[in-house]
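Chain and residue survey
Here is what each chain is made of, one letter per residue.
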Amino acid sequence: MGDEQAAWAAGPGAAEQARSVLATAWSCAVTAEGGREEFVGAHAVADDGRVLLHVPEDSALLAAAICAPRGEPSAVLEFADVAPVAVRNRIRARLWMAGWFALHEEHLVFQPTRVVLRRPSGAVVVDLGEFAAASPDPLAGAEAHLLTHLADAHPDAVERLTRLVEPQTLHAVTRVQPLAVDRHGLTLRIERTRAHGDVRLAFHAPADDVTQLTERMHVLLNQAAASCPRTLQRQRADGDG
């Protein structure tokens, strides 16, 4: 394995994942001087990562922007990355952005001064320069459809992919579902009665569009077919027996 492949096999970097969360999140929670407000389908993202927020005229946030001494109230924005497939603990990551708002024509423009991404492995402060320069994962916009289609129409393929997982990881499994996919690989959620874990299956090369993703998935499935077949020894979901 070359250095380039080793660099991407682990998964997206923090800046890329943060931009993906920002690009695909449907709702946004804003905490500012006027309190806390939830906005649904109200934000857009500029190329440099600034957030453009359209708020109703009676919004306390808009009033704070108008009444702020310099018209730049400080605020914290929160976005959640929610798994499109129904699994236990569907929040895959949270993104917090601290900064300030400026009033521009009919919308507010948020300039981040601190970006924090919390993943299952822990929280990381994202470098602002890297955040501004990063792009969302090329599959981010299609991920929800891809995962729900895989889970609903091809559960046999999901089970076949478990042949690539270490047997001990599948002990007492109750369910396996696709949790995430990006250009670097596919993540499976392994659920047991009282616990769960995630397993990542790396692609042999990055997938920059859906066509390439289809080829990468076929490679994984072929690898799984060549592995020793085994049947999942599922544990009952209602107990330990």
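This structure is a prediction, so every number in the text was calculated from the model and none was measured.

A separate point is the pairing of strand S6 (residues 91-104). Bridging between strand S5 (residues 74-82) and S6 involves 9 bridges; their strand directions are antiparallel. Residue pairing across strands places Ala80 opposite Arg94, the latter belonging to S6. Bridge count for S6 against strand S7 (residues 107-119) is 11 bridges, and the pairing is antiparallel. Paired with Trp96 across the two strands is Val116, which belongs to S7. Between S6 and the antiparallel strand that follows it, S7, lie 2 residues; Glu105 among them carries a positive phi value of about 55 degrees.

To continue, consider the nonpolar core. Core analysis: the largest hydrophobic core is formed by 31 residues, its most contacted members being Val30, Leu77 and Met97. Contributing elements (two or more residues each) for this core: helix H2 (14-24), strand S1 (27-32), strand S4 (51-53), helix H3 (60-67), S5, S6 and S7. Looking at this core, the element that brings in the most residues is H2, giving 5 residues. Leu77 has contacts with Cys28, Ala29, Val30, Val51, Leu95, Trp96, Met97, Phe101 and Phe110, leaving out every residue within four places of it along the chain. Grouped together as the second largest cluster of nonpolar side chains are 29 residues, Val87, Ala151, Leu179 and Phe203 included.

In total, this model carries 1 aromatic pair according to the counting rule given. The ring of Phe131 carries the charged tip of Arg19 above its face, separated from the ring centre by 5.4 Å.

How each quantity is defined
Residues numbered from 1 in each chain as written. Predicted model: local features only at pLDDT ≥ 70, side-chain atom pairs only at ≥ 80, totals over all residues. Heavy atoms only, no water. Pairing = 2+ DSSP bridges. Helix = DSSP H or I, 4+ residues; strand = E, 2+ residues; numbered from the N terminus. Core = buried A, V, L, I, M, F, W, Y, C linked by side-chain atoms within 4.5 Å. Buried < 20%, exposed > 50% of the residue type's maximum accessible area, 1.4 Å probe, protein only. Contact = heavy atoms within 4.5 Å. Phe/Tyr/Trp six-rings, centres within 6.5 Å; stacked < 30°, edge-to-face > 60°. Lys NZ or Arg CZ within 6 Å of the ring centre and 35° of its normal.

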